[in-house]
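Listed below, chain by chain, are the residues.
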Amino acid sequence: MNLTWDLESLYSSFQTEKYQKDYKHAAELADELGARAKLHLHTQEKAAILTEDFLRQYNAFRSVYLCLFSYAELVFSIDNWNTEAANQMDALEEMAAGSEEALASFSKWLASMSGEELDTIIGSGEYVGRHAFYLRQLQQQSRYLLSEEAEAVIARMQLTGAKAWERLYMKIQSTLRVEVEMKGAVHQLSLTELRNLVYDHDSQVRQAAYEAEAKACRSVAEQSAACLNAVCGEAIGIYELRGYKSSLHKVLETSRMDQEALEAMLQAIKESLPAFHQYYLHKARLLGHAGPLPFHDIFAPVGEDSSVKISYPEAQELIVAGFNSFSTELGAFARKVFISRWIDAESRAGKGNFGLCIDIASIQESRIITSFTGSYMDVGVLAHEIGHAYHSSCLAGKTMANIDYPIPIAETASIFCEGLINQELLLSASEGEVLPILERSLSDAGYYIVDFYARYLFESQLYEHRKSGSLTVEELNSLMQDAMSAAYGSSIDPDSIHSYQWVSKAGYYMTGNEFLNFPYSFGLLFSKGLFAQYKKREGGFAEQFQAFLAASSTTMVADAGQLMGIDVRSPEFWRDALALIGEDIQRFVGYYGK
């Protein structure tokens with residue numbers, strides 16, 4: 001079976017006539033979009049016509065642009081040394097900056113209208129009416145926009161400001177190599193390769209890799225601190241000018257989420273920490289540690305037989321069968337993903353060693369990157385990424401302006417699908433394989449709940465302290481140590497936690513994407529709650545779930561929850577979801593405590 005993907009439905013190379021033609025067309029559409037914004041968006045005469053014209057033009061540009069950028073990103077993701085792909089992404093991002101300037105002008109124009117005037121425009125025709133939620137969101141968010149000239153300056157300066165610092169950080173990370181001795185041999189490894197060794201079955205390998213990671217992070221700490229201070233400092237300045245209360249306030253607004261829902265979830269997470277601490281302490285004993293768990297063993301496999309492998313065809317059939325148990329439509333979709341070669345699963349040099357799904361709504365397809373090595377964990381990663389693709393497929397037929405769903409909801413389908421496969425694995429596994437699968441599930445839950453809670457605490461303090469000036473490496477280390485201690489408590493050996501973890505977390509450095517932590521906790525727990533509902537239902541859940549996913553791009557998070565009968569502002573919902581994990585922890589402790 002072929003483990004590489006097929007990109008022919010996009011392009012076969014950057015030099016093809018199709019790619020060059022689309023690139024030229026996208027540039028023309030972007031220029032025309034900007035020209036229309038400058039010429040026509042100064043009056044409310046014929047507002048309905050102007051609105052429809054802008055939406056059609058913007059959707060047309062995004063449709064072509066998405067194909068172009070997706071192709072460049074896909075090529076680069078499997079060949080990090082491909083400078084042509086990197087250059088194409090840079091050029092396309094600059095092209096997109098022009099379209100975002102036009103969108104900012106359009107948003108400011110909408111802001112000049114009353115709610116009643118916008119309602120009249122929305123009711124003027126079928127095409128505009130399909131964009132009701134999008135237009136109202138633009139009008140609401142436009143209150144955080146500066147003048148057209150100021151927004152244009154920001155968009156241009158960010159290319160050589162925060163985005164340049166972000167690119168520098170990414171280059172530092174991708175080119176960083178560290179020497180590490182393992183099993184009598186010396187290796188030159190990247191940070192990604194070192195991180196992958198945290199799952200190794202050999203404790204000495206795990207420790208050596210972890211210590212090498214700390215050494216590598218320490219070696220680039222000053223450069224990384226400069227990048228982090230620049231990205232965070234710029235964000236604070238820009239968001240303050242736009243009228244946001246904080247960077248977190250901006251994230252909640254753009255995530256279509258409110259502070260009440262966030263606090264309800266965080267409260268429940270904080271209450272659940274003792275259960276996770278019990279899990280880590282028990283895992284420490286299983287691994288032969290007399291005291292708390294050393295951090296280099298936090299992802300260590302427990303009870304796994306490293307010789308047990310699953311083939312790629314077996315993984316495919318297991319995923320299709322697991323999805324079929326939920327709905328034949330989901331099973332058929334998974335089979336289509338494999339047959340149509342939407343996945344690049346081959347592990348090879350120059351390829352990013354991570355799971356990623358890139359949705360290409362323009363052609364109603366997705367592409368998935370992963371590195372399949374035959375472990376049960378790899379099966380879960382495949383299921384997770386196919387879940388993302390399925391979510392995108394549920395939005396088929398929507399315009400480009402109507403396909404963006406908020407980050408807290410983004411992980412719902414993926415984690416739900418991963419849960420389906422964990423269930424399938426548990427049903428098909430032998431007695432000796434059940435508990436390792438359960439432990440891996442708990443390890444993942446701890447990562448998304450406990451570790452991401454620590455990241456949230458760190459980032460909250462980072463932005464608070466950055467208001468007073470740049471932070472030194474020592475100050476960043478101190479913030480990280482405090483955050484890790486608050487999240488992991490006494491379950492982790494404090495001397496084993498290296499304080500440079502802020503260096504290796506790319507999310508902190510991504511311009512315009514602050515707090516890429518709590519949305520993942522939200523996604524995991526929201527999916528857990530949905531999965532519990534699914535197990536209790538007699539029927540009809542699959543259809544309701546599909547309708548929920550289809551509506552996710554044009555609704556607020558709280559309203560999306562209501563579609564599934566969930567109140568995300570209630571701590572009880574989050575407590576119930578966490579209680580499911582707590583039950584698995586007790587099952588794990590009880591089994592291995594025998």
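Note on numbering: residues in each chain are counted from 1, in written sequence order. The model is predicted, so local features are restricted to residues of pLDDT at least 70 and side-chain atom pairs to those at 80 or more, both for listing and for counting; the totals for chains, interfaces and linings are taken over all residues. Remark: hydrogens and water are excluded; side-chain values derive from all non-hydrogen atoms of the structure.

S.K.: I would appreciate a short explanation of the pairing of strand β2 (residues 185–190) in the present structure.
M.R.: Regular strands place side chains that alternate from one sheet face to the opposite one. Strands qualify as paired when DSSP identifies two bridges or more between them. The helix count covers DSSP runs of H or I at least four residues long, the strand count covers runs of E at least two residues long, and both are numbered beginning at the N terminus. Sheet topology places strand β1 (residues 177–182) next to β2; 6 bridges connect them, and they run antiparallel. Note on β2: the bridge partner recorded for E181 is V186. Taking the residues between adjacent antiparallel strands as the criterion, β1 and β2 are bridged by 2 residues, where K183 takes a positive phi near 55°.

S.K.: Is there a simple way to explain the pairing of strand β5 (residues 365–369) in this structure?
M.R.: With 5 of 5 residues buried, β5 lies mostly within the body of the structure. Between buried and exposed lies partly exposed: a residue is buried under 20% and exposed over 50% of the maximum accessible area for its type, with that area taken using a 1.4 Å probe on protein chains only. A two-sided burial pattern is seen for β5, the buried positions comprising E365, R367 and I369 on one face and S366 and I368 on the other. As paired strands, strand β3 (residues 343–344) and β5 are joined by 2 bridges and run parallel to one another. Paired with I343 across the bridge in β5 is I368. Here strand β4 (residues 356–360) folds back onto β5 in antiparallel fashion, the turn holding 4 residues, of which Q364 has a positive phi close to 55°.

S.K.: When you look at the side chain of S107 in this model, what are you seeing that I'm missing?
M.R.: Its location among the elements puts S107 in helix α3 (residues 83–111). Throughout, a residue-residue contact means that at least one pair of heavy atoms, one from each residue, lies within 4.5 Å. Excluding anything up to four places from it in sequence, S107 contacts L138, S142 and L145.

S.K.: Is there a simple way to think about helix α7 (residues 148–160) in this case?
M.R.: An α-helix turns once every 3.6 residues. As a result, residues three or four positions apart point the same way. To estimate the expected span of a helix, count its residues, drop one, and scale the result by 1.5 Å. With 13 residues, α7 should cover 18 Å at 1.5 Å per step; its first-to-last C-alpha distance of 19 Å lies within 8% of that length. Against the buried residues of α7 lie α3, α8 (162–175) and α11 (221–242).

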